[in-house]
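The lines below spell out each chain.
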Amino acid sequence: MSDRVSVAMTDRRVIKGDTIFKGIILALASSIILILLIMIFEMVKESLPAIQKFGGRFLIGREWDAVQGEFGALDFLYGSVLSSLLAILLATPLSVGAALFITDIAPRKVGNFIAPVVELLAAIPSVIYGLWGVLVMAPWLQQSIQPWLVEHLGFLPFFQGAPYGVSMMAAVFILMIMIIPIITSITKEVLLAVPVSQKEAAYALGATRWEMVRLSLIPYARSGVLGAVILGLGRAIGETMAVTMVIGNTPQISLSLLAPGYTMPSVIANEFAETTSKLHASALMEVGLILLVVTLIINVMARLLIWSVTRGDTGARA
Amino acid sequence: MNSFDLRRRLTNTLMTTLMVGAALAVITPLGIIFVHILKMGAGSLSWDFFTQIPKPTGESGGGMANGLAGSALMIGLASGFGLPVGILGAVYLNEFGSTRFATAIRFSADVLAGIPSIITGMVAYTLLVVPMKGFSALAGAVALALIMIPIVLRTTEEQLKMVPGTLREASLALGVPLWRTSLKVTLVSARSGIITGVLLSIARIAGETAPLLFTALGNQFWSKKMTEPMAAIPLQIFNFAISPYDDWHKLAWAGALVLVVIMFTLNLTARYFGSSRHQG
Amino acid sequence: MNPKLKLEQLNIHFGSSHAVKDVSLEFPANTVTAIIGPSGCGKSTVLRSINRMHDLTPSARVTGRVLLDDADIYDRKVDPVAVRRRIGMVFQKANPFPAMSIYDNVISGYKLNGRVNKSTMDEIVESSLKRVALWDEVKDRLKSSAMALSGGQQQRLCIARTVAVQPEVILMDEPCSALDPIATLKIEELIDELKEQYTVVIVTHNMQQAARVSDFTAFLYLGELIEFDVTKKIFTNPAQTRTEDYITGRFG
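Bear in mind that the values here come from a model prediction, so they are computed numbers and not experimental data.

The rules behind each value
Residues numbered from 1 in each chain as written. Chains lettered and ligands numbered in written order. Predicted model: local features only at pLDDT ≥ 70, side-chain atom pairs only at ≥ 80, totals over all residues. Heavy atoms only, no water. Helix = DSSP H or I, 4+ residues; strand = E, 2+ residues; numbered from the N terminus. Rg over C-alpha atoms; globule rule 2.2 N^0.38 Å. Buried < 20%, exposed > 50% of the residue type's maximum accessible area, 1.4 Å probe, protein only. Polar contact = N/O pair within 3.5 Å; in protein donor to acceptor, adjacent residues only side chain to side chain. Contact = heavy atoms within 4.5 Å. Buried area = accessible area lost by both parts, 1.4 Å probe. Salt bridge = Lys/Arg side-chain N within 4 Å of Asp/Glu carboxyl O. Axes fitted to C-alpha atoms, helices over the stretch in contact; angles between N-to-C directions. Parallel < 35°, antiparallel > 145°, perpendicular 65-115°, else oblique. Nonpolar A, V, L, I, M, F, W, Y, C, P; charged D, E, K, R; others polar. Core = buried A, V, L, I, M, F, W, Y, C linked by side-chain atoms within 4.5 Å. Domains from an automatic or database assignment. Disulfide = S-S within 2.5 Å. Phe/Tyr/Trp six-rings, centres within 6.5 Å; stacked < 30°, edge-to-face > 60°. Lys NZ or Arg CZ within 6 Å of the ring centre and 35° of its normal.

Quick look at the overall build of chain C now. In terms of helices and strands, chain C carries ten helices and ten strands. A globule of 252 residues ought to have a C-alpha radius of gyration of about 18 Å, and chain C, at 18 Å, matches this closely. Referenced to the eigenvectors of the C-alpha coordinate spread, the extents of chain C come out at roughly 55 × 45 × 35 Å. The buried share of chain C, taken over its 252 residues, is 57%.

To continue, consider the side chain of Ser171(B). Within the secondary structure, Ser171(B) is located in helix H7 (residues 165-173). Overall, the relative accessible area of 0% leaves Ser171(B) in the buried class. Polar contacts involving the side chain of Ser171(B) include one to the side chain of Thr181(B), which spans 3.0 Å. Not counting residues within four places of it along the chain, the set of residues in contact with Ser171(B) comprises Val176(B), Thr181(B), Val185(B), Phe97(C) and Leu112(C).

We now examine the environment of Glu228(B). Residue and element names in this part refer to chain B. With respect to the element layout, Glu228 can be found in the loop between helix H9 (191-206) and helix H10 (233-241). You can call Glu228 partly exposed: its relative accessible area is 32%. Measuring from C-alpha to C-alpha, the distance between Glu228 and Thr215 comes to 9.7 Å, with 13 residues separating the pair along the chain. Setting aside residues no more than four positions away along its own chain, Glu228 makes contact with Phe135, Ser136, Ala137 and Ser223.

Attention now goes to the interface of chain A and chain B. Taken residue by residue, the interface counts 78 residues in chain A and 81 residues in chain B. Roughly 7300 Å² is buried in total at the junction of chain A and chain B, and carbon and sulfur atoms are behind 83% of that figure. Seen at the junction of chain A and chain B, the total is two salt bridges. In this structure, the salt-bridge partner of Arg271(B) is Glu119(A), at a minimum N-O distance of 3.6 Å. If you tally residues by element for the side of chain A that touches chain B, the top one is helix H1 (residues 12-54) of chain A, at 20 residues.

Moving on to the packing of helix H5 (residues 126-153) of chain A against helix H1 (residues 3-44) of chain B. At a minimum axis separation of 11 Å, H5(A) and H1(B) run at an interaxial angle of 85°. The pairing of H5(A) with H1(B) is recorded here as roughly perpendicular in orientation. Between H5(A) and H1(B), the contacting residues are Ile128(A), Tyr129(A), Trp132(A) and Val136(A) on the first element and Leu30(B), Ile32(B), Ile33(B), His36(B) and Ile37(B) on the second. Here the contact of H5(A) with H1(B) is built from residues that sort into eight nonpolar, one polar and no charged.

Turning our attention to the pattern of salt bridges. Two side chains bearing opposite charge may form a pair once their charged atoms approach each other closely. Counted under the stated rule, the structure contains 35 salt bridges over all chains. With a shortest N-O distance of 3.5 Å, Lys188(A) and Glu189(A) are connected by a salt bridge. Linking Glu8(C) and Lys6(C) is a salt bridge whose minimum nitrogen-to-oxygen distance equals 3.5 Å. Looking at Glu8(C), the relative accessible area reads 24%, which means it is partly exposed. A relative accessible area of 23% places Lys6(C) in the partly exposed class. One connected set of salt bridges, linked through shared partners, spans Glu119(A), Lys188(A), Glu189(A) and Arg271(B).

What follows is about the interface of chain B and chain C. Counting from both sides, the interface comprises 16 residues of chain B and, opposite them, 26 residues of chain C. Regarding the contact of chain B and chain C, the summed buried area is about 1700 Å², with carbon and sulfur atoms giving 67% of it. Applying the counting criterion to the chain B and chain C interface returns one salt bridge. Salt-bridge contacts for Arg48(C) lead to Glu169(B); the nearest nitrogen and oxygen are separated by 2.5 Å. Remark: the boundary between chain B and chain C carries four residue pairs in polar contact (both at pLDDT 80 or more). Secondary structure elements with two or more residues in the side of chain B that touches chain C: H7 and helix H8 (178-189) of chain B. Among the residues forming the side of chain B that touches chain C, the class breakdown is eight nonpolar, four polar and four charged.

Glancing now at unusual backbone geometry. For Lys133(B), which is not glycine, the phi torsion reads 55° and is therefore positive. Inspection of the secondary structure puts Lys133(B) in the loop between helix H5 (117-129) and helix H6 (137-161). Notably, Asp69(C) is not glycine yet its phi reads approximately 50°, a positive angle. Along the chain, Asp69(C) turns up in the loop between strand S4 (60-68) and strand S5 (71-72). On the accessibility criterion, Asp69(C) (38% relative accessible area) is partly exposed.

Moving on, we get to H10(B). Summarising burial for H10(B): eight of the nine residues are buried, a large majority. Ile233(B), Pro234(B), Leu235(B), Gln236(B), Ile237(B), Phe238(B), Phe240(B) and Ala241(B) are the residues of H10(B) that are buried. Elements that come into contact with the buried residues of H10(B) comprise H5 and helix H9 (241-246) of chain A together with helix H2 (47-51), helix H3 (65-95), H9 and helix H11 (246-275) of chain B.

Turning to the nonpolar core, a few remarks are in order. Counting residues in each nonpolar core, the largest one holds 238 residues, and the members touching the most others are Phe58(A), Trp64(A), Tyr129(A), Leu129(C), Met172(C) and Leu194(C). It is helix H6 (residues 168-192) of chain A that contributes the most residues to this core, 17 residues altogether. Among the domains, domain 1 (3-44) and domain 2 (51-279) of chain B are the pair contributing at least three residues each to this core. Membership of the second largest hydrophobic core comes to 34 residues, among which are Leu172(B), Ala173(B), Val46(C) and Val203(C).

Right, let's get into the state of the cysteines. Residues and elements named next belong to chain C. Per the stated rule, a full pass over the model turns up zero disulfides over all chains. Cys41 carries a free sulfur, and the closest cysteine sulfur to it, the one in Cys176, is 18 Å from it. On the accessibility criterion, Cys41 (2% relative accessible area) is buried. Free of any disulfide, Cys158 has its nearest cysteine sulfur in Cys176, 12 Å distant.

Now for the packing of aromatic side chains. Counted under the stated rule, the structure contains 21 aromatic pairs over all chains. Measuring from centroid to centroid gives 5.2 Å for Phe76(A) and Tyr262(A), while their planes differ by 80°, and the two rings are edge-to-face. With Phe76(A) in helix H3 (residues 74-105) and Tyr262(A) in the loop between H9 and helix H10 (264-271), this pair connects stretches of sequence that are 186 residues apart. Taken as a pair, Phe76(A) and Tyr262(A) share a single burial class, namely buried. Here the basic side chain of Lys22(A) rests over the ring of Phe96(B), its NZ or CZ set 4.5 Å away from the ring centre. The ring of Tyr103(C) carries the charged tip of Lys143(C) above its face, separated from the ring centre by 3.9 Å.

Written as structure tokens, this is what we have:
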């Protein structure tokens, strides 16, 4: 035959190369599971002293006293839950409306311009939202919105007290502004995943645009939108910097939105670098653990919902 | 036209108006924030910002040169840790992705991506700051890497999936081992999409503040070692924004503008690579 | 004559489906063998088992023996990568590497394996392209993208890429199904020349093509080998009625 060199088929070098390669990428990929487990383990381990000392009292206690060594996190839980829920309540209709505007109302050019701009805004770091919140929005709230609310709606428990600017209200607004881009862009994706035939079916029946939205888009996209909202909630609950900068950092439970408050991430941000005792650090760790558990639950729920909607178009390679 | 049809038309008009209104309500505050950053930032930005370190309180002027350097160093180190794990982890998912174990990895990555970054900071604190007996840029970089990994992993996997199977087959049929095929054919074919994911993940960690609070801590001065506390732009913006001094507020705005410009540049570059993907 | 390649009781399963059943075949050296049959009959599955491409599909299970020069390529000690260096493959759709030039595509089998020597590379590229009668068409633009070539040229480039690594057997999986008649004719002429140096196995759904290019023909139906003989015999005087039905167009 020709001068070709016949390669022995039992050349082990290549098998070795593939085995080593597979080992390396397997190790790197596995490290992701390991990282998650280590994070959970560390949070639990470091929280143990506080959990053992306070037990369930930690969740309902309102005393947060590093000097006396007495820690209860209720005020932070309240602040986190209230600010996130209000923000999501305000953000959801606006985001869904904006997403519908982008996909089904705006001329294609306008939609193609707004969508990436909204996504770009989701990339602005939270410390910058906080900067704007504390230096621009809070003074504006203090001077215009809040005095007006006190004067005209002051009889309601929600708008009582002196206008400070930095307040629960400021936190709610800044969170709302921050999560709108997230919910809007996910909702947009979900709406775009609705088959055109669904829309055409509604129009063919003589439906108006709104009726098409109600008949075709909303039922089809409902669980995906819900997933987007829950994901937004997860972001809001874990949001640290912007909230810390505008909420006033005062542990209290007040119905008034004008009063300052405190959230779980904020107390960690403010106190963790300069804890006074092991117990103090452990109490903050437990706050972090609660935050971790809440966000884990929220994220798993949201992922399952979004997966159930978009699974169809992200199938594996054939 | 009967009254039923009229009501339908009115409802349609009303709801359409509401949707337009929602879009406006979404765009307006974001637009205002953007204008403020541009206006305040441009008014405060000077050459000193890039060359000086912050002045003590009461003295005017100063800059964030140490923060810029610190951010760059920590992002670089975080990329060194995070990119290999994210990209090669994605190669694993792409090659052996149909097992339950792979699903567990994907799920873990999604969960990790949803964990508040301040918790990542706390974990980096217990794992690095406590044993090393001091705040350090190294701990900050590790915290940033942990945030980066799931983002890079998932975007890279998406890109690898889009590489036609026929190319892998062509390479394997030539007697090229799997590992060379993965690195030289599959990864290279997906490179522009992977660059997009990498740039987006860098943009994300460049603005992270919370995970640095208890790791890099921040530094008023130049830091010389990765084992010492180090300044970073987002940390400086935070500290200066909540201070009572006008001069520091100005620096914070300038820092915000610089950060936003970096962020948008990274995002737009990423988009460019993303869109040129199909031209190969 | 000792066959170059031999299948012994080859069985291939995908999960629970039994795609190839007890197929035994012999391919003499320097001949062209065509595998024909209706779509879904397992002909491509058989072909891909000959250079262990099924190793990449986790659900696939191959049993039986595939002998290359009397050595079983499914032996536990055998490296699939080494097998593929001796048994090359050309695919249904031309698949040049899009990011590489014409030159780099031809030499990719070497480059991807990390063995590079400029002057040898030039020689290999030229001789491989001449081998597939593409040299005159592309010699002035070797550095331009392979994607700029026509479909037929791309397929010939893929064949050049395969011969460049000097295999002993070339497997072709419906290499002309995406090509126009003129491009097809060129590939068929090429196959006829290739058998001087290589053993060729070609899967095709085009019976005229099988009749034109092959020395032997195997007819597969529902994963089973129905008939294997000299091509002329299969197309003029098949022993099995099912073969006759198929080649006369009564089913499939």
